[in-house]
Amino acid sequence: AVVSTQSTGAHRQWVLVIAWHPASKYVASACKKGDICIWDPKSGTHIGKILSGHKKYISSLAWQPLHCNKGGAPLIASGSKDNTIKVWDVLRGQCMLTLSSHTQGVTSIRWSGDDLIYSASQDRTIKVWRPSDGVLCRTLQGHGHWVNSMALSTDYATRIGAWDPALQGKGQSEDALTVYNKYKGVGEEFMVSGSDDFTLFLWHPAKSNKPVCRMTGHQQLINQVMFSPNGRKIASASFDKSVKVWDGKSGKFVATLRGHVRAVYQISWSADCKLLVSGSSDSTVKVWCMRTFALLQDLPGHADEVYTVDWSPCGTKVVSGGKDKVLKIWRA
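My aim in this report is to walk through the structure given alongside it, one point at a time.

1. Side note on the sheet that holds strand S27 (residues 327-331)
The strand order across the open sheet built from 3 strands is S25-S26-S27, with neighbouring strands paired in antiparallel fashion. Both edges of this open sheet fall to strand S25 (306-311) and S27, since each of them pairs with a single strand only. Strand-to-strand, the axes of this sheet are offset by a mean angle of 20 degrees, without reference to chain direction. Where strand S26 (residues 317-322) and S27 come together, 5 bridges link them in antiparallel fashion. Its bridge partner being in S27, Val-318 is matched across the sheet by Trp-330.

2. Examining the pattern of salt bridges
Where charged atoms from two side chains of opposite charge come close, those side chains can pair. Inspection of the entire model under this criterion finds 9 salt bridges. For Asp-35, the salt bridge identified is with Arg-12, shortest N-O distance 3.8 Å. With a gap of 23 residues between them, Asp-35 in the loop between strand S2 (27-31) and strand S3 (36-39) and Arg-12 in the segment before strand S1 (15-20) connect regions that are remote in the sequence. For the salt bridge of Arg-110 with Asp-155, the shortest nitrogen-to-oxygen distance reads 3.0 Å. Of the two residues, Arg-110 is situated in strand S9 (residues 106-111) and Asp-155 in helix H2 (residues 155-160); the sequence distance between them amounts to 45 residues. What makes Asp-155 partly exposed here is its relative accessible area of 21%.

3. Re the environment of Cys-37
Tracing the chain through its elements places Cys-37 in strand S3. With 13 residues separating them in the primary sequence, Cys-37 and Ile-50 have C-alpha atoms 5.2 Å apart. When near neighbours in sequence (up to four residues on either side) are disregarded, Cys-37 contacts Ala-10, His-11, Val-27, Ala-28, Ser-29, His-46 and Ile-50.

4. A few points about a nonpolar patch on the surface
A cluster of nonpolar side chains, Trp-14, Leu-16 and Tyr-57, forms an exposed patch at the surface whose accessible area comes to about 330 Å². On the secondary structure map, Trp-14 appears in the segment before S1.

5. So, the nonpolar core
In this structure, Ile-36, Ile-38, Leu-61, Trp-63 and Ile-76 are the most contacted members of the largest nonpolar core, which totals 14 residues. Put simply, the parts of the chain that give this core at least two residues each are S1, S2, S3 and strand S5 (58-63). For this core, the element with the highest residue contribution is S5, accounting for 3 residues. Excluding its chain neighbours within four sequence positions, the residues that come into contact with Ile-38 are Tyr-26, Val-27, Ala-28, Thr-45, His-46, Ile-47, Leu-51, Trp-63 and Val-90.

6. Section: helix H3 (residues 173-184)
End to end, H3 covers 16 Å across 12 residues, agreeing with the expected 16 Å (1.5 Å per residue, within 8%). Turning to H3, its buried residues are Ala-176, Val-179, Tyr-180 and Tyr-183. For H3, the angular spread of the buried residues around the axis is 100 degrees, confining them to a single face. For H3, the elements touching its buried residues are helix H1 (66-69) and H2. Following H3 by one or two positions, Gly-185 has its phi on the positive side, about 70 degrees.

7. Digging into the sheet that holds strand S18 (residues 233-238)
Within a sheet, adjacent strands bond to each other through the backbone by hydrogen bonds, running parallel or antiparallel. Here 4 strands make up an open sheet; going across it, the order is S17-S18-S19-S20 and the pairing antiparallel. The sheet terminates laterally at strand S17 (222-227) and strand S20 (253-258), the two strands that pair on one side only. When the angles between neighbouring strand axes are averaged without regard to direction, this sheet yields 20 degrees. Across 5 bridges, strand S19 (residues 242-247) lies against S20 in antiparallel orientation. Bridged to Val-243 within S20 is Leu-257.

8. A few points about the packing of aromatic side chains
Tallying each qualifying case throughout the model produces 6 aromatic pairs. Judged by centre distance (6.0 Å) and plane angle (15 degrees), the ring pair of Tyr-26 and Trp-63 falls under stacked. Of this pair, Tyr-26 sits in the loop between S1 and S2 while Trp-63 sits in strand S5; the two residues are 37 residues apart in sequence, bridging distant segments of the chain. The pair Tyr-26 / Trp-63 is uniform in exposure class, with both members buried.

9. Details of the side chain of Ser-78
Residue placement: Ser-78 occurs in strand S6 (residues 75-80). The exposure class of Ser-78 is buried, given its relative accessible area of 0%. At 2.9 Å, the side chain of Ser-78 forms a polar contact with the side chain of Trp-88. Each residue touching Ser-78, except ones within four places of it in the same chain, is listed here: Ile-36, His-54, Ile-58, Ser-60, Leu-61, Thr-84, Ile-85, Lys-86, Trp-88 and Ile-109.

10. Remarks on unusual backbone geometry
When glycine is set aside, most residues are seen to have a negative phi, and most peptide bonds are trans. Even without a glycine there, the phi angle at Asn-83 is positive, about 80 degrees. Phi at Arg-124 is positive, roughly 80 degrees, even though this residue is not glycine. Position of Arg-124 among the secondary structure elements: in the loop between strand S10 (117-121) and strand S11 (125-130). What makes Arg-124 partly exposed here is its relative accessible area of 45%.

Rules used in this analysis
- Residues numbered from 1 in each chain as written.
- Predicted model: local features only at pLDDT ≥ 70, side-chain atom pairs only at ≥ 80, totals over all residues.
- Heavy atoms only, no water.
- Pairing = 2+ DSSP bridges.
- Helix = DSSP H or I, 4+ residues; strand = E, 2+ residues; numbered from the N terminus.
- Axes fitted to C-alpha atoms, helices over the stretch in contact; angles between N-to-C directions.
- Salt bridge = Lys/Arg side-chain N within 4 Å of Asp/Glu carboxyl O.
- Buried < 20%, exposed > 50% of the residue type's maximum accessible area, 1.4 Å probe, protein only.
- Contact = heavy atoms within 4.5 Å.
- Patch = residues over 30% accessible without salt bridge, like charges linked within 9 Å, V, L, I, M, F, W, Y side chains within 5 Å.
- Areas by Shrake-Rupley, 256 points an atom, 1.4 Å probe, with all protein chains shown as cover.
- Core = buried A, V, L, I, M, F, W, Y, C linked by side-chain atoms within 4.5 Å.
- Expected span 1.5 Å × (residues − 1).
- Arc of directions from axis to C-beta.
- Phe/Tyr/Trp six-rings, centres within 6.5 Å; stacked < 30°, edge-to-face > 60°.
- Polar contact = N/O pair within 3.5 Å; in protein donor to acceptor, adjacent residues only side chain to side chain.

Structural data, given as structure tokens:
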């Protein structure tokens, strides 16, 4: 059973985004007012100042990967509807950088293992920033409408930080670098983006502003894109009621997962890449086999639309939540 151990309050508006520090030392939360709070997850107490500066709501948070930090103060980036990205020193409570170039709201940000910040926007572009000095490195263009979602092939590695059970590390930045290199493999990080224009683009964002390929097939807007933990596959969830699977290196179409009868909002991979879970407007959670691309299990139980799903990094549980105001924990 999952039990609530702490209940904390500092926000004066709806909490829209939460993000764990990769070493689990802190939890960051951001609200509709544009404020960010940093919490001690053990005591539930608020740490330092409220990070204020955004003029509109915050849509995305991204911690600096553990192996990029090199013993300095923990840094977090925030993307907002006010068109900007800010980089914060969470211990001092200071805004270190404001990255301004987008002409519409920022929808998603990623802090890569190469120590670059990527921001996707309603202005149809993705921008690549160098957080050390705030320089805009390049702009990725190609989408014909809002960019809703993006993912990196190393997202799983930066999410688990130094805590890969196979390596039995001690949670230090050296362990995090080993984990990152293990999952990155040979070559550059890949990025995939999904848009309201029904398409996905595959990129090598650290070195080129030209897409590797354009991926078509969805009939309605794309809600979420996600690489498998090993980076070999990409899954995309769409309003067209389907989930599609693509090759993570070439972008070639692999399979369509059909079974939902309404829009698919979110997806999540199991840690071993063998299963995929999806949550839908049809109130169900579905589990798919990634070897046969068949529906493995239908998990009814929610009374209304399922907005979000996530597979625990250890691979043993799935969590889902939605319009019925209920959080469900499923044993894998």
